[in-house]
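# Examination of the molecular architecture
Each chain is listed here by its residues.
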Amino acid sequence: MALFSLKAYGPSLICMASFKNHNNGTCALDSAYIRRAAEIADKSAGFTSPHPNFGCVLATASGNIVGEGFLYAQGTKPAEVQAVEAASEHCYGGTAYLNMEPGDCHGDHTAVSALVQGGVKRVVIGMRHPLSHLRGNAVRALRSQGVQVYVLGEDLKSKLTEEAQKACFHVNAPLIFRAASQLPFSVLKFAMTLDGKIATSSGHAAWISSKQSRNLVFELRGRSDAVIVGGNTVRRDNPRLTARHGGEHMPVRIVLSQTLDLPEEANLWDMSEVSTIVVTQRGARRSFQKLLTSKGVEVVEFDILNPRDVMEYFHDRGYLSILWECGGTLAASAISSGVIHKVYAFVAPKIIGGKGAPSPVGELGMVEMSQALDLIDVCYNQIGPDMLISGFLQPIPDLTPVIPSVDETFAIDPTVSPYESSIIFFYKTWDPYGAFSNFSPHPIQMPDGNGDYATWLSVEHYYQAHKFVGVNDPFAHKCVERIKSAKSPEEAARIGRLMQRQRPDLVRPDWDNMKIEVMYRALKCKFSIYPHLNNMLISTSGSVLVEASPHDLFWGGGRDGEGLNYLGRLLMQLRSEFLGESSSSDNDESSGLTSLHP
Ligand SMILES: NC(=O)C1=CN([C@@H]2O[C@H](COP(=O)(O)OP(=O)(O)OC[C@H]3O[C@@H](n4cnc5c(N)ncnc54)[C@H](OP(=O)(O)O)[C@@H]3O)[C@@H](O)[C@H]2O)C=CC1
Ligand SMILES: Nc1c(N[C@@H]2O[C@H](COP(=O)(O)O)[C@@H](O)[C@H]2O)[nH]c(=O)[nH]c1=O
């Protein structure tokens, strides 16, 4: 079974493209070819060690596929080059579909040059490169060469493109999670009986799942840099942990054992096919360590053996994805330390019973069902007689936005020097620069559609209510009134976000395009009518302002600077205008915003 498969879309899915030149036909074609690019990007899995997956589909202007390519392994010919070679003269004037922005990590721009020299007119990209030092480089390079570039989720937004983008996220989930967490992407896999046991009370586990399921496990191993088990599994099962899937890539085997009370003879110490690393506590059984070393097994000591430290270590060794095939004791410890990103559970239609029979995950300290960890993007597949349930334990991180670089900020506010700038963070209203927050208690007077002035208790009240302003529906009017009369900015935000989630149909259709403008107007009023706020803003001249929101990646800077920081940008723009350094005039409130639109 292919672990990543292109699902056909029924005609009932209506494409509501928000991009004006993106009609339903183009949208469906773009989405289908991006999904195809994601599908072929996955083709090297199991044959080579895990690496970022790139696929490229080249189509003529009339939509016929004329070339395809995927990156086979690190350092091999880029997908784009292969596709252009396959298409030869047919790619002239055509469209290239890439599941992910090319990396161009060595500055050689091979992929971009191939597309430009091939005469490609249009490039559709499933997702930007997740690594911040590479993100945006190829998009910029292509655009500077006159190629039309459309990034899904930015330039093209619809139900279909959203699904296609998800396919791109899934095919590079290891890279995305690794970039976000600075840990290798970890998958916990287990096989259990219908009554939730991974072995009998005596510890016997061969076999719970069917041959077909176990073959799929070989494939999963082949997609991993390493397979991990705990000491008990080595003692009890004497596993081999090799990938007998017919592919060429073999994962390293890793054993975690605190006691190092492991057998002297074990399949894992046979290094003829693939190597083994034993990770243990510092000072554990030195003589046994020597024995292992003499067999060629690498031993790595940690002061305290916990999954997070071990994963950080393997991240630094360059591992991209790891398969955990341990029992419930180590699995619980790994889940508690937050290192597991995805779960593959094979459920066999068997009942074994047994009070003491182990289950897939040991003690997590939870006492109520409300504490249960819900899987995300769950898939159900029947594998022979078994059911495979898989899903993510953590949402796929959004790595696309990024705080503008100082160079970019310089373009917004010339008081910010690209060479000597400090950063001022603000977030909570009680922080030193908390008055910059939209939740600060500074009412504003703003004109309504009829030119009458109304008072809003905070910028947040005004911003949230304007999601529903102008929508011809009595309930939308009610939302505006409820938000306007909310007792606090927090309450206004809560109502606004809830209504947006529950009744997206009530949100004004131009909201995505207008929200920056709405915020700008409210901020301009706030910082104009309160002289001390105006002084405070001007006093920050030369510094980069960043809203330190860990969650809001649009208005805020994110936890690690991965957010777009639009609130900070708007404040810097206003500061510049107040200082008289901006070219935008007071009469044209929106003109200065063009550089800020994403
Ligand atoms: N059906 C299935 O999918 C599977 C079934 N099994 C079955 O499960 C049983 C073994 O389960 P289990 O005992 O949970 O085995 P584990 O694989 O979870 O091994 C637990 C051991 O891992 C080591 N360890 C190292 N660091 C940690 C840590 N931070 N937290 C916890 N453990 C750590 C310890 O080894 P040490 O004691 O050496 O210090 C510990 O005793 C066997 O019967 C086996 O057949 C096992 C895997 C998969
Ligand atoms: N019992 C069990 C699994 N057990 C896992 O597989 C390991 C054995 O691998 P190997 O020696 O390479 O065949 C074992 O130690 C444990 O990690 N896996 C499954 O897919 N299904 C099963 O029913």
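What you are looking at is a predicted structure, and each value in this text was computed from that prediction instead of being measured.

## Concerning the site of ligand 2
- Around ligand 2 lies a shell of 17 residues, among which K189, I208, S209, R244 and E325 are the nearest.
- Between ligand 2 and the protein, one listed contact pairs an oxygen atom with a backbone N or O atom of E325 at 2.7 Å.
- Protein chains bury 90% of the 520 Å² of accessible surface belonging to ligand 2 in isolation.
- For the shell around ligand 2, the element with the highest residue contribution is helix α7 (residues 211-222), accounting for three residues.
- Residues of the shell around ligand 2, tallied by class, amount to seven nonpolar, three polar and seven charged.

## Digging into the pairing of strand β1 (residues 55-59)
- Burial of β1 is extensive: five of the five residues sit out of reach of the surface.
- In this sheet, strand β2 (residues 65-70) lies alongside β1 in antiparallel orientation, the contact comprising five bridges. Within β2, the position partnered with C56 by the bridge is G69.
- Between β1 and β2, which pair antiparallel and follow one another directly, the connecting turn spans five residues, one of which, G63, has a positive phi of 95°.
- The pairing of β1 with strand β3 (residues 95-98) spans four bridges and is antiparallel. What sits directly across from V57, in β3, is Y97.

## Some words on the site of ligand 1
- Close contacts around ligand 1 come from 27 residues, with N232, T233, D237, S257 and T329 the closest.
- A distance of 2.8 Å separates an oxygen atom of ligand 1 from a polar atom in the backbone of G203.
- When isolated, ligand 1 has an accessible area of 930 Å², and the protein chains bury 89% of it.
- Counting residues per element, the ones that place at least two in the shell around ligand 1 are β6 (185-193), α8 (231-237), β8 (252-257) and α11 (328-336).
- When residues of the shell around ligand 1 are assigned to their parent elements, the largest contribution, six residues, is made by α8.
- For the shell around ligand 1, a count of residues per class yields eleven nonpolar, twelve polar and four charged.

## A closer look at α7
- Over its twelve residues, α7 runs 17 Å from end to end, which matches the ideal 16 Å to within 8%, given 1.5 Å per residue.
- Along α7, the positions that sit buried rather than exposed are S213, L216, V217, F218, L220, R221 and G222.
- Of the surrounding secondary structure, the elements contacted by the buried residues of α7 are β6, β7 (226-230), β11 (321-324), β12 (342-348), β13 (376-383) and β14 (386-392).

## Examining helix α14 (residues 474-484)
- Those residues of α14 not exposed but buried are A476, C479, V480 and I483. Along α14, the residues classed as buried sweep out an arc of 95° about the axis, all on the same side. Exposed side of α14, more than 90 degrees from the buried face: P474 and K478 are the residues found there.
- Where the residues of α14 are buried, they touch β17 (453-456), α13 (459-465) and α15 (489-502).

## A few points about the pattern of salt bridges
- The tally for this structure, following the rule as stated, stands at 21 salt bridges.
- Here K189 ties to E325 by a salt bridge, and the two come within 2.8 Å at their closest N and O atoms. You can see K189 sitting in strand β6 and its partner E325 sitting in the loop between β11 and α11, a full 136 residues away along the chain.
- Owing to a relative accessible area of 12%, K189 belongs among the buried residues under this scheme.
- Judged by its relative accessible area of 10%, E325 is buried.
- One salt bridge in this structure joins E298 and R317, with 2.8 Å as the shortest N-O distance. With a gap of 19 residues between them, E298 in strand β10 (residues 298-302) and R317 in the loop between α10 (307-316) and β11 connect regions that are remote in the sequence.

## Things to note about the sheet that holds β3
- If you walk across this open sheet you meet the five strands as β2-β1-β3-β4-β5, and the pairing is mixed. Of all the strands in the sheet, the pair left with one neighbour each is β2 and β5 (148-151). Each strand axis lies, on average, 15° off the axis of its neighbour in the sheet, ignoring direction.
- Packed onto the sheet, helix α2 (residues 79-87) meets β1, β2 and β3 and runs at close to 150° relative to β2.
- Lying on the sheet, helix α4 (residues 137-144) is in contact with β4 (122-125) and β5; it crosses β5 at an angle near 150°.

## Considerations on unusual backbone geometry
- In this structure, W207 follows A206 across a cis peptide bond, with omega equal to 0°.
- One can find W207 in the loop between β6 and α7.
- Of note in the backbone geometry, N238 takes a positive phi value of approximately 45° without being a glycine.
- Positionally, N238 belongs in the loop between α8 and β8.
- In this structure, R285 takes a positive phi of about 30° despite not being glycine.
- Inspection of the secondary structure puts R285 in the loop between β9 (276-281) and α9 (286-294).
- Here R285 falls in the partly exposed class, since its relative accessible area comes to 35%.

## As for the side chain of K515
- Residue position: K515 is located in helix α16 (residues 511-529).
- Taking the relative accessible area as the measure of exposure, K515 reaches 15% and is therefore buried.

## Focus on the packing of aromatic side chains
- This model, assessed by the stated rule, comprises 15 aromatic pairs.
- Note on Y33 and Y97: the rings are 5.2 Å apart at their centroids and 75° apart in plane angle, and the pair reads as edge-to-face. Of this pair, Y33 sits in helix α1 (residues 24-41) while Y97 sits in strand β3; the two residues are 64 residues apart in sequence, bridging distant segments of the chain. Accessibility classification places Y33 together with Y97 in one group, the buried group.
- Ring geometry for F426 against F436: centres 5.7 Å apart, planes inclined by 85°, an arrangement best described as edge-to-face. In this pair, F426 is assigned in strand β15 (residues 423-426) and F436 in the loop between β15 and β16 (444-447), connecting sequence segments ten residues apart.
- For F426, a relative accessible area of 0% translates into the label buried.
- Residue classification places F436 among the buried residues on the basis of a relative accessible area of 0%.
- Three or more aromatic residues link up through ring pairs in this structure, and these residues are Y463, W511, F554, W555 and Y566.
- Its end group placed over the ring of W456, K484 keeps NZ or CZ at 5.1 Å from the ring centre.

## Observations concerning the nonpolar core
- Residues F468, L523, W555 and L571 are the most contacted members of the largest nonpolar core, which totals 49 residues.
- Looking at this core element by element, the count peaks at nine residues for α16.
- Residues contacting F468, with those up to four places away along its chain left out, are A476, C479, V480, I483, G496, M499, Q500, L506 and V507.
- Within the second largest apolar cluster, 47 residues are counted, among which are F54, I125, L142 and A167.

Rules used in this analysis
Sequence positions are assigned chain by chain, starting from 1 and proceeding in written order. All chains are assigned letters beginning at A, and all ligands numbers beginning at 1, according to the order in which they are written. With pLDDT at 70 or above as the cut-off, local features in this predicted model cover only qualifying residues; side-chain atom pairs require 80 or more to be listed or tallied, and sums for whole chains, interfaces and linings still use all residues. Heavy atoms from the whole structure form the basis of all side-chain values; hydrogens and water molecules are not counted. A single heavy atom is enough: if one lies within 4 Å of a molecule or strand, its residue is considered near that molecule or strand. By the criterion applied in these results, polar contacts are pairs of N or O atoms within 3.5 Å in which, for protein atoms, one can donate a hydrogen and the other can accept it, and in which residues neighboring in sequence qualify only through two side-chain atoms. The method behind every accessible area is Shrake-Rupley, applied with a 1.4 Å probe, and residues are considered shielded solely by the protein chains displayed. By the criteria applied, helices consist of DSSP H or I runs no shorter than four residues and strands consist of E runs no shorter than two, each listed in order from the N terminus. Amino acids are sorted into nonpolar (Ala, Val, Leu, Ile, Met, Phe, Trp, Tyr, Cys and Pro), charged (Asp, Glu, Lys and Arg) and polar (every other residue, Gly among them). Exposure categories follow from relative accessible area, calculated using a 1.4 Å probe and restricted to protein chains: below 20% of the type maximum is buried, above 50% is exposed, and the middle band is partly exposed. Pairs of strands are assigned from DSSP output, requiring at least two bridges between the strands. Expected span of a helix, by definition, is 1.5 Å for each gap between consecutive residues, and there is one gap fewer than residues. A contact between two residues is defined here by any heavy atoms of the two lying within 4.5 Å. An arc is given here, and it is the one of the directions from the helix axis to the C-beta atoms. Just to be clear on terms, a salt bridge is a Lys or Arg side-chain nitrogen sitting within 4 Å of an Asp or Glu carboxyl oxygen. Angles shown run from 0 to 180 degrees and are taken between the N-to-C directions of axes, each axis being a line fitted to C-alpha atoms and, for helices, limited to the stretch in contact. Pairing of aromatic side chains requires ring centres within 6.5 Å, counting the rings of Phe and Tyr and the six-membered ring of Trp. Pairs whose planes differ by under 30 degrees are stacked, by over 60 edge-to-face, and all others tilted. Distance and angle both matter: a charge sits over a ring if NZ of Lys or CZ of Arg is within 6 Å of the ring centre and within 35 degrees of the ring normal. Throughout this description, the term nonpolar core refers to a set of buried Ala, Val, Leu, Ile, Met, Phe, Trp, Tyr and Cys residues connected via side-chain atoms within 4.5 Å.

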